[in-house]
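# Descriptive structure summary
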Amino acid sequence: VDPCLLPEEFSVVLFPNSGTASPWSRTSFAKFTKDFILISEFSEQVGPQPLLTIPDDPKVCGTFDLNYFSLRIMSVDYQASFVGHPPGCGYPKLNFVEDSKVVLGDSKEGAFAYVHHLTLYDLEARGFVRPFCMAYISADENKIMQQFLELSSDFSKASECLKTGNRKAFANELENKLKDLEYTRTVLHKETELQKQANGCYSTQAIEKANELANVEKSIYEHKDLLKQITSYPNRKIKDPEFLPYESDNPTNPTDIDQDPACSDSNPEDQSEDPSCTRRPSYTPQLIKAKSAKCFDKRLKTLEELCDLYFFNQTM
C-alpha cells in the first residue's frame, strides 16, 4: 500500500452534478423560493418564536425553519436594555434604547438576513419590555450587503412607526390603570374608616385595610412616574421629516402624535384632521387588587394590541 495515498475512510464524497446548480453556489440549497420578512419575538413565556411573515404565504417560506431561525436571531440581546429599579431608586425606570442592526448568515438554512432589533413596552410584561425583531431574509448574500443602507433606512422607519404607536398605547393603558387604582383607593379609604369606627384603629381588620391602601398609594406613584416617562420621551427622531410615520396635517405640533393627552386638549377640528388622534371610548374604572406595578400577571398582548391601531396598520 502506497503510504502517500489517503485512506478510503477519509476520502470526501464528490457533490453530485445536477447540471443546473454549482455545488459552490450558496443559493443552490436555500429552503425558500424568494425573499421575505420575518417578525419574531422573545417571549418571556415560551422563548423565541416567529409571529408573522410578509408575505403571509407558506409557499414563499418553503421548508425554511422559522422556529430555528427565530431562535438564532433572538438568542442574543443586541440591545442589552435595562428596565427596573436603578440603585437608590424605589420605582421603575424605562430605558429608551436605540435599535440594533446586524447581518447574519446561516449555512444550515442557506439564508442571509438583515436583522433589526427593537423593544416595545407592555405593562404586564416582565420589566415592562417586549423584545421584537424584524428580519429581511434572502438567499443572496450580495443583495443583503449591497442594499444594507436601504434596508436599514426602511426598517428604521417601520420600527419608529411601531414604537410611536406602542408609546401611545402604553400611555393609554397607564392612564386607565391609574383610573382603576384611584377608584380602588377611594373604596379602600371608605372601608378603612368603617373598620376603624367598628373595631378601632388598631384592630387586625383596620391594619390590613391600611396596608392595602398603602400598597395602592405606592402603585399609583409608580404608574404616575411611568406615565411621565413615556409621555416625556424626547421626540428627536419624530421631529425629523425622514422619520415621520405619516403625512401630518398639523406639522407645527409633531410631538402630539406621541401624547394622547395632547389630542384630548387640542382643538376638536384638529382631531378630525389627524388620523392618529382618534377619540377613545370612555373608560369605566374598576376595583382591582392592590399590587405593585411590576407584579401584574396577565396574558401578554399580541403585536397588534401593543400598538395604536393606526400606527400598526401604517407599519404593515
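As shown above, the structure is provided for reference.
Reference entry: report on the structure contained in this document.

The next thing to look at is the environment of Gly 127. Structurally, Gly 127 can be placed in the loop between strand 4 (111-121) and strand 5 (129-138). C-alpha of Gly 127 to C-alpha of Lys 93: the two residues are 34 residues apart in sequence and 9.3 Å apart in space.

Here the focus is unusual backbone geometry. Each neighbour pair has its own omega, and for Ile 54 with Pro 55 the value is 5°, a cis peptide bond. Despite not being glycine, Phe 128 shows a phi value in the positive range, around 70°. Tracing the backbone shows Phe 128 in the loop between strand 4 and strand 5. We classify Phe 128 as buried; its relative accessible area is 2%.

Here the focus is the sheet that holds strand 3 (residues 100-106). With antiparallel pairing, the five strands of this open sheet are ordered in space as 2-1-5-4-3. The outermost strands of the open sheet, each flanked by one partner alone, are strand 2 (47-54) and strand 3. When the angles between neighbouring strand axes are averaged without regard to direction, this sheet yields 25°. The pairing of strand 1 (residues 36-43) with strand 5 spans six bridges and is classified as antiparallel.

Looking at where Gln 229 falls in the secondary structure, it is placed in helix 5 (residues 204-231). Gln 229 has contacts with Pro 92, Lys 93, Leu 94 and Phe 96, leaving out every residue within four places of it along the chain.

This brings us to the packing of aromatic side chains. To describe a pair of aromatic rings, one takes the distance between the centres and the angle between the planes. Applying the stated criterion across every chain yields a total of six aromatic pairs. With 5.3 Å between their ring centres and 55° between their planes, Phe 64 and Phe 69 make a pair best called tilted. Look at Phe 69 and you get buried, because its relative accessible area is 1%. These aromatic residues form a ring-pair network of at least three members: Phe 36, Phe 64 and Phe 69.

Tracing the chain through its elements places Phe 69 in helix 2 (residues 66-74). Separated by 66 residues in the primary sequence, Phe 69 and Ala 135 have C-alpha atoms spaced 10.0 Å apart. When near neighbours in sequence (up to four residues on either side) are disregarded, Phe 69 contacts Leu 38, Phe 64, Asp 106, Ala 113 and Ile 137.

The complete set of buried residues in helix 2 reads Phe 69, Ser 70, Ile 73 and Met 74. Here the buried residues of helix 2 occupy an arc of 120° about the axis, which is enough to place them on one side. At its buried positions, helix 2 is contacted by strand 1, strand 2, strand 3, strand 4 and strand 5.

Thresholds, definitions, all that
Residues numbered from 1 in each chain as written. Predicted model: local features only at pLDDT ≥ 70, side-chain atom pairs only at ≥ 80, totals over all residues. Heavy atoms only, no water. Helix = DSSP H or I, 4+ residues; strand = E, 2+ residues; numbered from the N terminus. Buried < 20%, exposed > 50% of the residue type's maximum accessible area, 1.4 Å probe, protein only. Pairing = 2+ DSSP bridges. Axes fitted to C-alpha atoms, helices over the stretch in contact; angles between N-to-C directions. Contact = heavy atoms within 4.5 Å. Phe/Tyr/Trp six-rings, centres within 6.5 Å; stacked < 30°, edge-to-face > 60°. Arc of directions from axis to C-beta.

So, to be careful, I would describe these as geometric facts and stop short of saying anything about function.
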